[in-house]
Amino acid sequence: GNDFLTDYLFQVCYKHKEKIHSEYFKPLTPITIKSQSITHVTNKMVADKPPFVGSKMQKDLSKIFEKNILVAHNAVFDINMLEKEGVQVPHFICTLKLARFLDKDGIIPEYNMQYLRYYLDLDVEAKAHEAKDDVLVLEALFKRLYAKMLEIYRDHDKVIEEMIKVSAQPSLFKVFLFGKHKGKKIEEVILFDRGYIEWLLENKIQSATDTNPDEDWIFTLKHYLNI
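This section reports on the structure supplied with the text. Quantities reported herein were computed from a predicted structural model and do not represent experimental measurements.

Some points on the packing of aromatic side chains
Following the criterion strictly, the structure yields 9 aromatic pairs and no others. With 4.1 Å between their ring centres and 10° between their planes, Phe173 and Trp217 make a pair best called stacked. Of this pair, Phe173 sits in the loop between helix H8 (156–168) and helix H9 (186–192) while Trp217 sits in helix H11 (residues 215–225); the two residues are 44 residues apart in sequence, bridging distant segments of the chain. Accessibility classification places Phe173 together with Trp217 in one group, the buried group. Ring centres of Phe176 and Phe178 lie 6.2 Å apart, and the angle between their planes is 75°; on these two criteria the pair is classed as edge-to-face. We classify Phe176 as buried; its relative accessible area is 1%. Within the aromatic cluster, the residues linked to one another by ring pairs are Phe173, Phe176, Phe178, Tyr196, Trp199 and Trp217. Positioned above the aromatic ring of Phe101 is the side chain of Lys104, whose terminal nitrogen or guanidinium carbon lies 3.7 Å from the ring centre.

Shown next as structure tokens:
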């Protein structure tokens, strides 16, 4: 769990070997007002902090990821930020993609971590948008998803293997979560409004960035357009 809401890290929090590590860092650019409003971390709070690059935490994380698997929600975003800061992540599990994968009928309306926390009624005491508490929510979500995967594959090693596989592939959406067709199945919309899906695909491709590649929607729209 971490807060990567600007181009550079200003707070990192993770759990390893049952211990939570949390630390503030001074980013190379000021923390935006939007990020401050969400995380309640201000520029004054990090004014005297060291940069993440060259820190002990950076070195520790680099060693940890050599032999361990990163578990994160929307992991691709976190990994892009970590790699910009010199930390390589060879293996990862994305709880966001796993939640979509297990929701075969597209029943869950939203997949952000805090929504899933309450939708799945996860038994965890934590405050929203506080790094240490987000780690606890992430851990509870992972355990729930792991249990569901274990029901399917019946073997721990197979579950981890499939989790990594699912996390590395784009997700296939089944229902529109936004726009004029919100709540409708994509396979039905394409039958009467193919032009909208073609327009949306072009829009997603043009707006994609390194930190927000939108690969899941691009993959989904190409799938239904059969291109």
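Considerations on empty space enclosed by the protein
Considering all chains together, one arrives at 1 cavity of 30 Å³ or more under this definition. Put simply, the largest cavity is a space of about 80 Å³. If you trace the largest cavity, you find it lined by Arg100, Asp103, Gly106, Ile108, Tyr111, Leu172, Phe173, Lys174, Val175 and Leu177. Here the lining of the largest cavity is composed, by residue class, of 6 nonpolar, 1 polar and 3 charged.

Let's talk about unusual backbone geometry
Backbone geometry places Glu18, a non-glycine residue, at a positive phi of 65°. Note that Glu18 resides in the loop between strand E2 (11–16) and strand E3 (19–24). Residue Glu18 is classed as exposed on the basis of its relative accessible area of 67%. Despite not being glycine, His40 has its phi angle at roughly 60°, a positive value. Inspection of the secondary structure puts His40 in the loop between helix H1 (33–39) and helix H2 (43–46).

Conventions and cut-offs
Residues numbered from 1 in each chain as written. Predicted model: local features only at pLDDT ≥ 70, side-chain atom pairs only at ≥ 80, totals over all residues. Heavy atoms only, no water. Phe/Tyr/Trp six-rings, centres within 6.5 Å; stacked < 30°, edge-to-face > 60°. Helix = DSSP H or I, 4+ residues; strand = E, 2+ residues; numbered from the N terminus. Buried < 20%, exposed > 50% of the residue type's maximum accessible area, 1.4 Å probe, protein only. Lys NZ or Arg CZ within 6 Å of the ring centre and 35° of its normal. 1 Å grid on protein atoms, 1.4 Å probe; cavity = no way out; pocket = protein on both sides within 12 Å on 5 of 7 lines; lining within 4 Å. Points joined across faces, edges and corners; volume = space filled by probe spheres on them. Nonpolar A, V, L, I, M, F, W, Y, C, P; charged D, E, K, R; others polar.

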